[in-house]
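# Structural overview
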2 protein chains.
Amino acid sequence: VIAAEEGCEVILVGDETRLKMELADLGSDLPIVHAPEEIGMGDDPAKALREKPNSSISVCARLVRDGEADAFVSAGSTGAVMAAAAIVIGRLPGVWRPAIAAVLPTPGSATLLLDAGANLEVKPKHLVQFALMGSVMAEIHLGIKNPRVGLLNNGEEPSKGRKTEQEAFPLLQKASVNFVGNVEGRDLATAKADVMVTDGFTGNVVIKTAEGAVQMAAALAMEELAVLQPTVLAQVMDALEGFRRRLDYEQIGGAHLLGVKGVVVIAHGASSRVAIANAVKMAGGMADAGLVAKVAERIAES
Amino acid sequence: VIAAEEGCEVILVGDETRLKMELADLGSDLPIVHAPEEIGMGDDPAKALREKPNSSISVCARLVRDGEADAFVSAGSTGAVMAAAAIVIGRLPGVWRPAIAAVLPTPGSATLLLDAGANLEVKPKHLVQFALMGSVMAEIHLGIKNPRVGLLNNGEEPSKGRKTEQEAFPLLQKASVNFVGNVEGRDLATAKADVMVTDGFTGNVVIKTAEGAVQMAAALAMEELAVLQPTVLAQVMDALEGFRRRLDYEQIGGAHLLGVKGVVVIAHGASSRVAIANAVKMAGGMADAGLVAKVAERIAES
């Protein structure tokens, strides 16, 4: 509803009775598509998709496939969203592995990290496609030409890393991306790259570690700030309101699944209204900017 | 010198002329062992050890092997320290892969993370040994009995992870450690485990990501705090002094290489005097507590 008020055309997909009641409470009359089945977080994704053709994830995927929606946003099972995107919507020609691109805040801007969890293990050539797809999204989302791409590694030297990273390095040098070499986790602070590529296991761990480290630092800082006078502390908290907003994963929107024939956004499982609204707005923006066509073109050229 | 003043018996190893001059400046007469050769950060570790038998790293390793020192601390090339530890000092019986244990601050305590970079790729059984060795160090360093061990993974469910994590899970359940299941990067904030095990690539990325995320958050916070009046800001900075100390990697000491026949500590390459002193003190404490014998015992029992 928040997103719709800000100009997005939203279709709600889910249990019609429940959604109608909730919309009535909010005084809204957004269109609803009925989807009586539900895929649980614990369900096997592929099996759940087969057995529950009327789950909201399946219905959303069909709306996108049939051109009735430009994008779909779900805070449901990541596995089921990926499976629905691959099976119902389909991969773009030439894409080996769709990848999840997450947006990580950096001082003054943001870094796109992919893969954030779609492919736990990857080949060097997959990392090159992640770099191509991530560059397209960075151009649109960060508004920069020729975004810098870094390979996440355990050191800066080209010889660093596992066999995968060692082999990916020269491939990335030859690829038509602005490859700036190896980057490390600490480059989240230096913003050395606009796009960081890695396998989905490492990417997932990086995002959760960054989240955990920031929370941990905030908790430690609060313990120390408790010595301040209440009036001073209140001023500090006011000043930090913007800081919290900038680091808040809710504000950032969702992670985009790149490499499929539609805009597919995976929102955080514990998303609030604001988070979902931001994910919907970001998805709408990506659809308007022609994300899918541009990714298809970049992959076709490579 | 700081460490020596606080009761450590320190032997300095390095270029005698240079060290003598520096000690004279400090008015100290610590014993020196001459080591005229130097291994650079870019040198191939194994080759450098063979070609430079009188580098400080080689000499230190021989002092430990020959019982003339209980521990050695180096801020030099991690690869060369590991190679010297493996070749000169030797692995403990039954240890497949020595691993680096790093100390990460958590609210109220700390978590040991291993492997922090010695073995970029590991087998499930290696992770079990990391859990055993890490538990011994946690008992000594954190002073807790039966430390909780977590497997770093991309989700909490036992089925999560790559093949390595999936196979390690049941092995850890059967091992004589207090296995609490899968943990995620965000558990740095929840302190769900005292010991986290993972491969050395992921471990290295996690440490650097945590460092980068905290720096990034601090930079963002400072931008927002700039709106405060100078006197208020000064109070905040005073209050955060302790916070900085707690998160400061310099204060924590060095990462310990576990599984070799001696206490071997790898200090951060960019270590200050304080950092080195803390690493030396921690190494001394570990030697006094019988770290090596206790690790040997735990591995022999397993």
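Not measured: the values here are computed from a predicted model.

Calculation criteria
- Residues numbered from 1 in each chain as written.
- Chains lettered and ligands numbered in written order.
- Predicted model: local features only at pLDDT ≥ 70, side-chain atom pairs only at ≥ 80, totals over all residues.
- Heavy atoms only, no water.
- Helix = DSSP H or I, 4+ residues; strand = E, 2+ residues; numbered from the N terminus.
- Rg over C-alpha atoms; globule rule 2.2 N^0.38 Å.
- Buried < 20%, exposed > 50% of the residue type's maximum accessible area, 1.4 Å probe, protein only.
- Contact = heavy atoms within 4.5 Å.
- Areas by Shrake-Rupley, 256 points an atom, 1.4 Å probe, with all protein chains shown as cover.
- Buried area = accessible area lost by both parts, 1.4 Å probe.
- Salt bridge = Lys/Arg side-chain N within 4 Å of Asp/Glu carboxyl O.
- Polar contact = N/O pair within 3.5 Å; in protein donor to acceptor, adjacent residues only side chain to side chain.
- Nonpolar A, V, L, I, M, F, W, Y, C, P; charged D, E, K, R; others polar.
- Least-squares fit on C-alpha atoms with pLDDT ≥ 70 in both.
- Pairing = 2+ DSSP bridges.
- Axes fitted to C-alpha atoms, helices over the stretch in contact; angles between N-to-C directions.
- Core = buried A, V, L, I, M, F, W, Y, C linked by side-chain atoms within 4.5 Å.
- Parallel < 35°, antiparallel > 145°, perpendicular 65-115°, else oblique.
- Left-handed = near helix turned anticlockwise from the far one by under 90°.
- Phe/Tyr/Trp six-rings, centres within 6.5 Å; stacked < 30°, edge-to-face > 60°.
- Lys NZ or Arg CZ within 6 Å of the ring centre and 35° of its normal.

With that settled, consider the overall build of chain A. Within chain A, the regular secondary structure consists of 14 helices and 10 strands. Its C-alpha atoms give chain A a radius of gyration of 20 Å, near enough to 19 Å, the size a compact globule of 302 residues would have. Counting only C-alpha atoms and orienting by the principal axes, one finds that chain A spans roughly 60 × 55 × 35 Å. The buried share of chain A, taken over its 302 residues, is 52%. The long-range share in chain A, meaning contacts at least 24 apart out of those at least 6 apart in sequence, stands at 66%. Carbon and sulfur atoms provide 51% of the accessible area of chain A, an area that totals close to 13,100 Å².

Here we come to the interface of chain A and chain B. With 52 residues of chain A at the interface, the matching set in chain B holds 52 residues. Both faces combined, the contact of chain A with chain B buries some 4,600 Å², and carbon together with sulfur accounts for 71% of it. The interface formed by chain A and chain B includes 4 salt bridges. Close ionic contact of B:Glu184 with A:Lys208 constitutes a salt bridge, the shortest N to O distance being 2.4 Å. Across the chain A-chain B interface, the total number found is 6 residue pairs in polar contact (both at pLDDT 80 or more). Among the elements of the structure, strand S4 (99–106), helix H7 (163–174), helix H8 (187–190), helix H9 (200–225), helix H10 (230–239) and helix H11 (241–247) of chain A are those that each provide at least two residues to the side of chain A that touches chain B. Among the elements that take part in the side of chain A that touches chain B, H9(A) stands out by supplying 21 residues, more than any other. Classifying every residue of the side of chain A that touches chain B by side-chain character gives 26 nonpolar, 15 polar and 11 charged.

Bringing the relation of the copies chain A and chain B into the picture now. When chain A is fitted to chain B, the residual RMSD is 0.0 Å, and the transformation amounts to a turn of 180 degrees plus an axial shift of 0.0 Å. Considering both components of the superposition, the chain copies are consistent with a two-fold axis. Both copies share a contact surface, since 100% of the interface residues of chain A are interface residues in chain B too.

Two strands in a sheet stick together by hydrogen bonds in their backbones, pointing the same way (parallel) or opposite ways (antiparallel). All names here are of chain A. If you trace the 8 strands from one edge of the open sheet to the other, you get S3-S10-S9-S4-S5-S8-S6-S7, paired in mixed fashion. Where the open sheet ends on each side, the last strands, each with one partner, are strand S3 (71–74) and strand S7 (178–183). Across the sheet, the mean angle separating the axes of adjacent strands is 30 degrees when strand polarity is ignored. In the sheet, strand S9 (residues 255–258) pairs with strand S10 (residues 263–266) via 3 bridges, with the strands oriented antiparallel. From the neighbouring strand, His256 faces S10, where its bridge partner is Val265.

It is worth spelling out the nonpolar core at this point. Looking at soluble globular proteins, one finds that nonpolar side chains tend to be buried together. Ranked by size, the top nonpolar core spans 109 residues in total, and within it A:Phe72, A:Val236, A:Val264, B:Phe72, B:Val236 and B:Val264 carry the most contacts. Among residues more than four places away in sequence, those in contact with A:Val236 are A:Leu225, A:Leu228, B:Leu225, B:Leu228 and B:Val236. A:Val95, A:Ala99, A:Leu151 and A:Ala279 belong to the second largest nonpolar core, which has 40 residues in total.

Let us now look at the sheet that holds strand S8 (residues 195–197) of chain B. All names here are of chain B. The sheet built from 8 strands is open, its strands ordered S3-S10-S9-S4-S5-S8-S6-S7 with mixed pairing. Edge positions in the open sheet fall to strand S3 (71–74) and strand S7 (178–183), since each of these has one partner strand only. On average, each strand axis in the sheet is inclined to that of its neighbour by 30 degrees, with strand direction left out of account. Pairing between strand S5 (residues 109–114) and S8: 3 bridges, direction parallel.

Further remarks concern the packing of helix H6 (residues 124–141) of chain A against H7(A). All names here are of chain A. Where H6 contacts H7, the two axes come as close as 8 Å, and the packing angle between them is 50 degrees. One way to sum up the angle between H6 and H7 is to call them oblique. Remark: the crossing between H6 and H7 carries right-handed chirality. Every residue of H7 that contacts H6 at Pro124, Lys125, Leu127, Val128 and Ala131 is listed here: Thr164, Glu167, Ala168, Leu171 and Leu172. Taken together, the residues that form the contact of H6 with H7 break down as 7 nonpolar, 1 polar and 2 charged.

To continue, consider the packing of H9(A) against helix H9 (residues 200–225) of chain B. Look at H9(A) against H9(B): their axes get within 8 Å of each other, and the N-to-C directions meet at 40 degrees. Taken together, the axis directions place H9(A) and H9(B) in an arrangement best described as oblique. Of the two possible hands of crossing, H9(A) and H9(B) adopt the one that is right-handed. Mapping the contact onto sequence places A:Phe201, A:Thr202, A:Val205, A:Val206, A:Thr209, A:Ala210, A:Ala213, A:Val214 and A:Ala217 in H9(A) and B:Phe201, B:Thr202, B:Val205, B:Val206, B:Thr209, B:Ala210, B:Ala213, B:Val214 and B:Ala217 in H9(B). Among the residues making up the contact of H9(A) with H9(B), the classes are represented as 14 nonpolar, 4 polar and no charged.

It is worth spelling out the packing of aromatic side chains at this point. How two aromatic rings sit relative to each other is given by the distance of their centres and the angle of their planes. Evaluated as defined, the whole model comprises 2 aromatic pairs over all chains. The interplanar angle of 75 degrees and the centroid separation of 5.1 Å between the aromatic rings of A:Phe169 and A:Phe179 together place this pair among those described as edge-to-face. Separated by 10 residues along the polypeptide, A:Phe169 in helix H7 and A:Phe179 in strand S7 bring together distant segments of the chain. Of the two residues, A:Phe169 and A:Phe179, both sit in the buried class. In this arrangement the basic side chain of A:Arg162 is found over the ring face of B:Phe201, its NZ or CZ atom lying 3.8 Å from the centre. Over the ring of B:Trp96 we find B:Lys125, and its NZ or CZ is 4.4 Å from the ring centre.

For the rest of this paragraph, the subject is the pattern of salt bridges. All names here are of chain A. Taken as a whole, this structure holds 24 salt bridges over all chains when the rule is applied. Residue Glu156 pairs with Lys192 through a salt bridge whose shortest N-O separation is 3.7 Å. Of this pair, Glu156 sits in the loop between strand S6 (148–152) and H7 while Lys192 sits in the loop between H8 and strand S8 (195–197), and the two are 36 residues apart along the sequence. Residue class for Glu156 comes out partly exposed when judged on its relative accessible area of 48%. Residue classification places Lys192 among the partly exposed residues on the basis of a relative accessible area of 28%.

Turning our eyes to something else, we now look at the pairing of S3(A). Residues and elements named next belong to chain A. Alternating positions in S3 separate cleanly, Phe72 and Ser74 being buried on one face and Ala71 and Val73 remaining unburied on the opposite face. Here S3 pairs with S10 via 4 bridges, running parallel. For Ser74, the partnering residue across the bridge sits in S10 and is Ile266.

Residue and element names in this part refer to chain B. Of all the 5 residues making up strand S6 (residues 148–152), 4 are buried; the element is thus mostly covered by neighbouring parts of the structure. Two strands pair when backbone bridges link them, and S6 and S7 are joined in this way by 5 bridges, in the parallel orientation. Following the sheet pairing, Val149 is matched in S7 by Phe179. By the bridge criterion, 3 bridges tie S6 to S8 in an arrangement that is parallel. The residue bridging Leu151 from the neighbouring strand is Val197, located in S8.

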